[in-house]
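Residue-level listing of the chains:
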There are 4 protein chains.
Amino acid sequence: MCGVFGAFSRDGRPVLEDIYLGLFALQHRGQESAGLSWIEGGVARSIKGMGLVHNAISQGMVSSIPARAAIGHVRYSTCGDSILQNAQPLTINYAKGPVAIAHNGNLTNSGGIMRYLEDRGAIFQSTSDTEVILHLMAHQSHKMPLDALMDALRRIRGAFSLVVLLEDRLIAARDPWGFRPLIMGERDGVVYFSSESCALDMVGARPVRDVEPGEVIVVDRSSVSSLRIPVKPRRGFLCSFEFVYFARPDSVIDGISVYDARKNLGRRLAKRCPVKADLVAGMPDSGTVAALGYAEEARCPFEMAIVRNRYVGRTFIQPTQRVREAGVKVKLNPNPSVLSGKEVVVIDDSIVRGTTASRVVNLMRSAGASKVHLRIASPPVRFPCYYGIDTPSSEELAAARFDLDQLTEEVGADSLAYITQEDLLNAIGAPEGRLCTACFSGEYMEDDANGIDL
Amino acid sequence: MCGVFGAFSRDGRPVLEDIYLGLFALQHRGQESAGLSWIEGGVARSIKGMGLVHNAISQGMVSSIPARAAIGHVRYSTCGDSILQNAQPLTINYAKGPVAIAHNGNLTNSGGIMRYLEDRGAIFQSTSDTEVILHLMAHQSHKMPLDALMDALRRIRGAFSLVVLLEDRLIAARDPWGFRPLIMGERDGVVYFSSESCALDMVGARPVRDVEPGEVIVVDRSSVSSLRIPVKPRRGFLCSFEFVYFARPDSVIDGISVYDARKNLGRRLAKRCPVKADLVAGMPDSGTVAALGYAEEARCPFEMAIVRNRYVGRTFIQPTQRVREAGVKVKLNPNPSVLSGKEVVVIDDSIVRGTTASRVVNLMRSAGASKVHLRIASPPVRFPCYYGIDTPSSEELAAARFDLDQLTEEVGADSLAYITQEDLLNAIGAPEGRLCTACFSGEYMEDDANGIDL
Amino acid sequence: MCGVFGAFSRDGRPVLEDIYLGLFALQHRGQESAGLSWIEGGVARSIKGMGLVHNAISQGMVSSIPARAAIGHVRYSTCGDSILQNAQPLTINYAKGPVAIAHNGNLTNSGGIMRYLEDRGAIFQSTSDTEVILHLMAHQSHKMPLDALMDALRRIRGAFSLVVLLEDRLIAARDPWGFRPLIMGERDGVVYFSSESCALDMVGARPVRDVEPGEVIVVDRSSVSSLRIPVKPRRGFLCSFEFVYFARPDSVIDGISVYDARKNLGRRLAKRCPVKADLVAGMPDSGTVAALGYAEEARCPFEMAIVRNRYVGRTFIQPTQRVREAGVKVKLNPNPSVLSGKEVVVIDDSIVRGTTASRVVNLMRSAGASKVHLRIASPPVRFPCYYGIDTPSSEELAAARFDLDQLTEEVGADSLAYITQEDLLNAIGAPEGRLCTACFSGEYMEDDANGIDL
Amino acid sequence: MCGVFGAFSRDGRPVLEDIYLGLFALQHRGQESAGLSWIEGGVARSIKGMGLVHNAISQGMVSSIPARAAIGHVRYSTCGDSILQNAQPLTINYAKGPVAIAHNGNLTNSGGIMRYLEDRGAIFQSTSDTEVILHLMAHQSHKMPLDALMDALRRIRGAFSLVVLLEDRLIAARDPWGFRPLIMGERDGVVYFSSESCALDMVGARPVRDVEPGEVIVVDRSSVSSLRIPVKPRRGFLCSFEFVYFARPDSVIDGISVYDARKNLGRRLAKRCPVKADLVAGMPDSGTVAALGYAEEARCPFEMAIVRNRYVGRTFIQPTQRVREAGVKVKLNPNPSVLSGKEVVVIDDSIVRGTTASRVVNLMRSAGASKVHLRIASPPVRFPCYYGIDTPSSEELAAARFDLDQLTEEVGADSLAYITQEDLLNAIGAPEGRLCTACFSGEYMEDDANGIDL
């Protein structure tokens, strides 16, 4: 998971502050590092750093630089080490000039391309798969930069929502499978691209349309044009987890409101696996909207039964013996005066390793809940993701290790239930063959990495 | 507003990590600075710093120090400059040994005492009124430290919930008016004092009882004893704003659940000033619980119509022109897919200057709301607070400048309504003459600062 | 050892940059911390920090503050811990207004005064003896600040060269025994005080005269006046080590050129204990000038036989096994192409613990010297200093533990010799009964701390 | 100017601390950045930073890493921006494994090679010419790393003294013209390479021999072998400025003692252009040794007439108006008690822009010198250097702009004189056609960059 944001001002207004604000709104998509890039005097420049946007990037510098086109990135480590060298955007100055690139997603054939290019003299500086795209461009140095980029996009497989800055244009590209969201906006002569619509709201931009799967949109001073990556996939792979967990509830992805989707997931859950209870609680913040849907459907009162410590954020607390005892209470405190003596339904978005679920159930009991029913607003996660989400391998996935009864016992709940994959597809409401459900079903994109012409 | 926390281990177990965890749970009471103190080799030692607990205090150091008794503080600047010198606990080594003190509240007669003591040779190091207590003790150097402290507590007026560390004992004291909360807890031979019960939950301690107004509790290795400050006030002054806004909803203050109080405030609001609407929204996070109460009473659906950027926290964003344009969206984004075309009731805890209210109303309209009704879960704030809350002077208070119609227009709402002071007292449910309502009613504590024997 | 500097501009010109430059020139007198203070709006303000002047103090801030009077300090820890709290100048705002003070020297009766004042209510914040002066002033709060200061100076014993800033005047004071230097300068309407004349050179000021022992000079907008501390010592105690080691060779102290004194010490050494050799080397940098005097008198060529790594400075290198092997070579490398096969006389200013001497002798042998004769340009140091120099206690002083033959063997030299105390007094050339030789002779100032009227 | 250092332990002892110590001894060759690299698990690792060695590199980390082979670098910016990205060693992991490289010198044909390689797909990350060597290797990925390195060395022109680390060996290479020094040492089974012999002294290593111009020495666990770069230059180009200014006086370069050379330069100066004077002074520290030679030859006393502030080091002082007034006194103070009323000969190593010379002459006059004669221990610098020394272009070189009379007037001296190029060659004593004198004579190396086979 990462977030990308780009802006191009037709009439020369500075846009770096907009990138900064946009990254703020996308902060939930990555807290490891942040950066932004622009081109100045024919050279790609960057400000990057570790941590949250306001730690990584000096707002003062940002406000003082008059770039008319820029891109930004927030990174959530998926592949590559957690070091500044891997922070994006990546920038180079190659034979045909400067390039800056910001990437959300994960390539599935980067290893093979990397080895091929190294044999032809390439020196890779980072362990990020994004660098492959730049080297593919550099090895086509006889072509113009945009043509070299198009050539590179044809050769890569997997998930990529990109914003790319060339000397005189801003480019947005989305892989042919449509794994990750990417939306275009507009405001007073400035064209924006963003991973989510909530960042367009932030800068006051009007959503224009989603970048389509396989589409490359090129913005320069005089025009906005649309190109196609010449790869035809059999079906779409828009990540369901964007709706289940990642995206902000105030975003709209490929025309679907994340809030509505999440509330529908809660309603389906109430229908699929109802239970008698005194109150409905949502795991803050990921289960809250589904819990509202559940409560509405089940006609059972929704309460803020778990209080989130809103200052914890990215805080790293060393896991000393004493801190382990305190456990999740460091972040979440079940409210004794709400829970005492009550039967509770707790809604969470998903169970991955199962550790959080079991801690929360314990905690609610110790705060006085008489019964704790756990309801999950997505199907069981049984398979790892290769497209940009940081899930563990199968043997660590709770739903792959245990059947439902075992897992109920494992997490200590009085009952545990999930929705089905059919519920999920219906609740989100995307067209047939559009959503990726690989982490639930194991149905990955066909591997057509063979036969790529390098 | 500040938070204090103290711990004394009867059987010698280290308690500094407990202080650290306790301050985490009290972080909402102060984000300007944090610190903790203990006594080692007859000398009071401290770790203090600016910012949030985890920035201000090195957890690694904390874990390595085997102190059996300690106190901690989170500070929200009310009086005194925002500098490290004012961070608490304050520590001294005076003629009779070491003292460390952490203070929540504001003294009303510190100025006069300070001038009196300076004339007798005192040198004040900070601009904090807490230092007055230490100098009062030092000027009674012929008495034992506990007696000198009792003497000092007799001379001061205003709000003080204190934890004090002497060489061999931990002391908790609450002013005779009971302005600020202070609660005692216990766990496995460790006695705790905390501004709020949520911090007792954090360290796994059982709440024992509230420290009573005017009570001084002294803990040493063999006993827990209770003393009285010899000042008899005519009535109590427990701050209503603790229930309205400050305290965490999972705390219980003087036997009253903050969550229940806040939900009751919402219910009263729905009864007192109902309005037809499609949905109820709460200002995150201060209005959320009252909004749930309102929604329940009004049988109108509660929705997460405003999304909070949970990474903003203490972020300081420079108010450049572009940032001013973005406005509150930097922190709060109204969700267009929820609001579009709807009549909305927005619940907030209070209106102080009115600027946030007016921005939120605008924002909700721009996100598509057809009507915006603002409902406030407390009476109008018309008077400044002198007891530890950082309210502005009367001429900046919106409710002191405008009548209700003017204010409705000022904030741009379709309608605006408050509860009454009677509603407030009923909703909270404290005994007669127990709550301070000075900021609503102007009924301050009688000024008996005269005639103090120094 | 510390350094102090003060400036008062008669016509209102800003002087903080002058303080900054002056402290630069006094950096050799203390590298632990640095600071400067001025008074603004009736409040004493400071910029202080650990380490060298340019680390401790932001030059940018200094340049932007328009103070017309200010003082500064560089600290070399002698008494009190090495912490920022002990960095000077110390500042207070007491009953009669702001005071800032910077102190070079060590008081011998501070302990007793501290205990006396604590019993009267004083709270000491630092472990520095300088704070005693401020508390003595505060306990005379019925007097005007200058009178309170004069009263305090009358009560203290030991070494003090002070610059003090009051609201409207700059004061320089030197103890009645004249332990530490203090000189007044002038330039374009600005009056300066400095520990050494080299700092007057730095700011382009003309030396006016030394502050006399027991003198207090008061500068305000209209006048420069001279007061006397009413204490009459039997003799003077100007520190000989200022000439031997501490002061910069380009300074003039009480009318005596440090360079001339040091060269004379070398000449005396050549006369007192001559030896046949191929070349003369000086320990960089403390023995260089004496070595030039020795070479001149002995008509033996002076060579740069030991090369100093001029980047080492304040570098702290952890004493790992490998670093211990490298030894003093980290700082000083004997030049093999100069030393190979040669008989060498090495001149050093003094021997304290003897460890450096023995390492250097070894090193020179390993660089090929056939014979190494060590000559010390001061008498044997046998007694600790109580007046501001950081010497160890007697049992660690090499000359107190060994006789000359033993010490020669201990350091591994072919021969070792010192000058006598008579040589020292003659070489420096101060009037009879003017110099302190306590560290050589054990003749300390008479202890008249008794009978002080507090 | 830069410094390089390498170590390879035959019996597996850790060498990183030796690199750290070696860089300390080479600190005078570069203060902009420092770094060291080793290979661990098949990957080249580095610790690098801006500033002096002890700021740039954490000694604690260094001590804990058990690498048996490593290289280090101190950088003095000559080409490329002053940024961390340009700090050396440079490291890559290319198709044939890890490489680390540290380079002293400047290539004269790097621009052409860079453009050629970019057209073949290379992406350059830094602006340093050293990266060209790595890309040349990577573009020969079918060869073994050592062969690829030999191939690269054949193609480059200009000055390079290199240490290179491959997976299993340490390589030292010196360009065929011998521009920069490079010496091999040995100690207890560890082979060292260093820019100067003083760093061998530091780690206790015995100098074995200089790396010869055009030689490549390869060290692995079982052998030390010598290869040749197949380029035959017509003559040698050992930099004279190493003897005049750069190298430390305790180093021996290509068999010649820098101290002896520098003293001889001073003696020649006394013979070539004698002048009657009371004393001889050397500009600290660059003119000191030559001043000793001058004083010896002229039988005129040498005095420390200019005192260097040894804490200034790398301090950056902002050039405010007040600081400009203070001028060079911030670093150097002429000693009034030595200079007053005297005729002085001041020896400096060279005049480049002439600004320092003129400031020093002024300063000595203001300190009371009656006459100031400036004597320069090298010929006039009239031409820029392209081989690694940071001289300005001709129009900024004082000796290229003015004739001797004009320059005497310009710097304000009573007289000014240089030695001749013949004096220089004789004083240093290198074999005929061995020294580069391009900056004095304009005789650069023949440009045979054309016809290089890429």
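Residues numbered from 1 in each chain as written. Chains lettered and ligands numbered in written order. Predicted model: local features only at pLDDT ≥ 70, side-chain atom pairs only at ≥ 80, totals over all residues. Heavy atoms only, no water.

**Quick word on empty space enclosed by the protein**
Which parts of space are left empty comes out when a probe the size of a water molecule is rolled across the atoms. All names here are of chain D. The test is simple: A 1.4 Å probe that fits into a set of points on a 1 Å grid over the protein atoms alone but cannot get out defines a cavity; an open set with protein on both sides within 12 Å along at least five of seven lines defines a pocket, and lining residues are those with an atom within 4 Å of a point. Grid points are joined across faces, edges and corners, and a volume is the space filled by probe spheres set on the points. Lys, Arg, Asp and Glu make up the charged group, whereas Ala, Val, Leu, Ile, Met, Phe, Trp, Tyr, Cys and Pro make up the nonpolar group; the residues left over, Gly among them, are polar.
Applying the stated criterion across every chain, the model contains 14 cavities of 30 Å³ or more. In terms of lining, the largest cavity is formed by 14 residues, of which the most central are Cys239, Cys385, Ile389, Cys436 and Cys439. For the lining of the largest cavity, the residue count by class is 11 nonpolar, 2 polar and 1 charged.

**Let's talk about the interface of chain A and chain B**
Heads up, the condition is: Any two residues whose heavy atoms approach within 4.5 Å at even a single point are treated as in contact. Accessible area that two parts lose when put together, with a 1.4 Å probe and added across both, is what the buried area reports. For this document, the term salt bridge refers to a Lys or Arg side-chain nitrogen within 4 Å of an Asp or Glu carboxyl oxygen. Two N or O atoms form a polar contact when they lie within 3.5 Å of each other; inside protein one atom must be a possible hydrogen donor and the other a possible acceptor, and for residues adjacent in sequence the pair counts only when both atoms belong to side chains. Elements are defined by DSSP. Helices are runs of H or I of four residues or more, strands are runs of E of two residues or more, and each kind is numbered from the N terminus.
Across the boundary between the two partners, chain A contributes 57 residues, which contact 57 residues of chain B. In total, about 4900 Å² of surface goes out of reach between chain A and chain B, with carbon and sulfur atoms giving 54% of it. If you look at where chain A meets chain B, you find 4 salt bridges. Notably, a salt bridge pairs Asp18(B) with Arg322(A), separated by 2.3 Å at the nearest N-O pair. Linking chain A with chain B are 24 residue pairs in polar contact (both at pLDDT 80 or more). Of all the secondary structure elements, the ones that give two or more residues to the side of chain A that touches chain B are α1 (16-25), α3 (59-64), α7 (197-202), α9 (258-272), α10 (288-298), β18 (306-308), α11 (321-326) and α12 (336-339) of chain A. The element best represented in the side of chain A that touches chain B is α1(A), accounting for 5 residues. Of the residues belonging to the side of chain A that touches chain B, the class tally is 24 nonpolar, 17 polar and 16 charged.

**Focus on the pattern of salt bridges**
As a reminder of what qualifies: Working definition: with a 1.4 Å probe on protein chains only, accessible area under 20% of the residue-type maximum means buried, over 50% means exposed, and in between means partly exposed.
Enumeration over the complete set of coordinates arrives at 93 salt bridges over all chains. With a shortest N-O distance of 3.3 Å, Arg353(B) and Glu396(B) are connected by a salt bridge. Separated by 43 residues along the polypeptide, Arg353(B) in the loop between β20 (343-348) and α13 (355-366) and Glu396(B) in the loop between β21 (371-376) and α14 (398-401) bring together distant segments of the chain. Across the pair Glu196(C) and Arg29(C) runs a salt bridge, and its minimum N-O distance is 2.7 Å. Of this pair, Glu196(C) sits in the loop between β10 (190-194) and α7 (197-202) while Arg29(C) is found in the loop between α1 (16-25) and β2 (33-40), placing the two residues 167 residues apart along the sequence. Arg29(C) carries the same exposure label as Glu196(C), and that label is buried.

**Quick word on the packing of helix α4 (residues 110-119) of chain C against helix α5 (residues 130-138) of chain C**
Residues and elements named next belong to chain C. How we decide: Axes here refer to lines fitted to C-alpha atoms; in helices the fit is confined to the stretch in contact. Angles between the N-to-C directions go from 0 to 180 degrees. In what follows, roughly perpendicular refers to angles from 65 to 115 degrees, roughly parallel to angles under 35, roughly antiparallel to angles over 145, and oblique to any angle outside these ranges. By the definition used in this description, the sense in which the near helix is turned from the far one sets the handedness, with an anticlockwise turn below a right angle giving left-handed and a clockwise turn giving right-handed.
Running from N to C, α4 and α5 cross one another at 40°; their axes reach a closest spacing of 10 Å. By the angle between their axes, α4 is oblique relative to α5. Here α4 runs over α5; the crossing is left-handed. Across from Ser110, Ile113, Met114 and Leu117 in α4, the residues of α5 making contact are Val132, His135 and Leu136. Residue composition of the contact of α4 with α5, grouped by class: 5 nonpolar, 2 polar and no charged.

**So, the relation of the copies chain A and chain B**
What counts here: A least-squares fit on C-alpha atoms brings the copies together, and the residues used are those whose pLDDT is at least 70 in both copies.
When chain A is fitted to chain B, the residual RMSD is 0.1 Å, and the transformation amounts to a turn of 180° plus an axial shift of 0.1 Å. What we have between these two chains is a two-fold relation. Minimal C-alpha separation from the rotation axis in chain A is found for Arg310(A), amounting to 3.6 Å. Take the interface residues of chain A: 100% of them recur as interface residues in chain B, which is what a same-surface contact looks like.

**What to know about the side chain of Asp423(C)**
Mapping Asp423(C) onto the fold places it in helix α16 (residues 421-428). Setting aside its immediate chain neighbours within four residues, Asp423(C) contacts Arg268(C) and Arg272(C).

**Looking at the packing of aromatic side chains**
The condition that has to hold: Between 30 and 60 degrees the pair is tilted, below 30 it is stacked and above 60 it is edge-to-face, where a pair is any two Phe, Tyr or Trp rings, Trp via its six-membered ring, whose centres lie within 6.5 Å.
Applying the stated criterion across every chain, the model contains 40 aromatic pairs over all chains. Centroid distance Tyr387(A) to Tyr444(A): 6.3 Å. Interplanar angle 70°. Geometry classified as edge-to-face. Here Tyr387(A) is found in the loop between β21 (371-376) and α14 (398-401), whereas its partner Tyr444(A) is found in the segment after α17 (438-441), with 57 residues between them in sequence. Judged by its relative accessible area of 5%, Tyr387(A) is buried. Its relative accessible area of 27% is what places Tyr444(A) among the partly exposed residues. Aromatic pair Tyr386(D) and Tyr444(D): ring centres 5.1 Å apart, planes at 35°, arrangement tilted.

**Examining a negative patch on the surface**
As a reminder of what qualifies: The patch calculation keeps residues exceeding 30% relative accessible area without a salt bridge and links them within 9 Å when they carry like charges or within 5 Å when they are nonpolar (Val, Leu, Ile, Met, Phe, Trp, Tyr). Every accessible area reported is derived by Shrake-Rupley at a probe size of 1.4 Å, with residue values counting cover from the shown protein chains alone. By the counting scheme adopted, Arg and Lys are positive, Glu and Asp are negative, and His together with the chain ends is not counted. A charge is said to be at NZ when it belongs to Lys, at CZ for Arg, at CG for Asp and at CD for Glu.
Together, Asp403(A), Asp405(A), Glu409(A) and Glu410(A) make up a region of like negative charge exposed at the surface. In this structure, Asp405(A) sits in helix α15 (residues 404-411).

**Concerning the environment of Val190(C)**
Residue and element names in this part refer to chain C. Checked against the element boundaries, Val190 lands in strand β10. Sequence separation of Val190 and Arg68 is 122 residues, and the distance between their C-alpha atoms is 9.1 Å. Excluding residues within four positions of it along the chain, Val190 makes contact with Ala7, Phe8, Ser9, Arg13, Val15 and Gly185.

**Things to note about the UniProt feature "active site" (unreviewed entry) in chain A**
Residues and elements named next belong to chain A. Operational definition: UniProt positions are given in the numbering used here, feature names are shortened, and annotations may be inferred rather than shown by experiment.
The feature "active site" (unreviewed entry), as given by UniProt, occupies Cys2 in the numbering adopted here. The topology assignment puts Cys2 in strand β1 (residues 2-9). On the basis of relative accessibility, which here comes to 5%, the residue Cys2 falls in the buried class. Dropping the residues within four chain positions of it, Cys2 is found in contact with Arg29, His73, Val74, Arg75, Tyr76, His103, Asn104 and Ser195.

**Description of the relation of the copies chain D and chain A**
Aligned on chain A, chain D shows an RMSD of 0.1 Å; the corresponding rotation is 180° and the shift along the axis is 0.2 Å. The share of interface residues of chain D whose copies in chain A are also at the interface is 100%, consistent with both copies meeting through the same surface.

**Focus: the interface of chain D and chain A**
In this complex, chain D contributes 16 residues to the contact, which on the side of chain A involves 16 residues. For the pair chain D and chain A, the summed buried surface comes to about 1300 Å²; carbon and sulfur atoms form 52% of the total. For the chain D face of the interface with chain A, the top three residues by lost area are Glu118(D), Ile123(D) and Gln125(D), together amounting to 36%. Broken down by secondary-structure element, the contributors of at least two residues to the side of chain D that touches chain A are β5 (90-94), α4 (110-119) and α5 (131-138) of chain D. Counted by class, the side of chain D that touches chain A contains 7 nonpolar, 6 polar and 3 charged residues.

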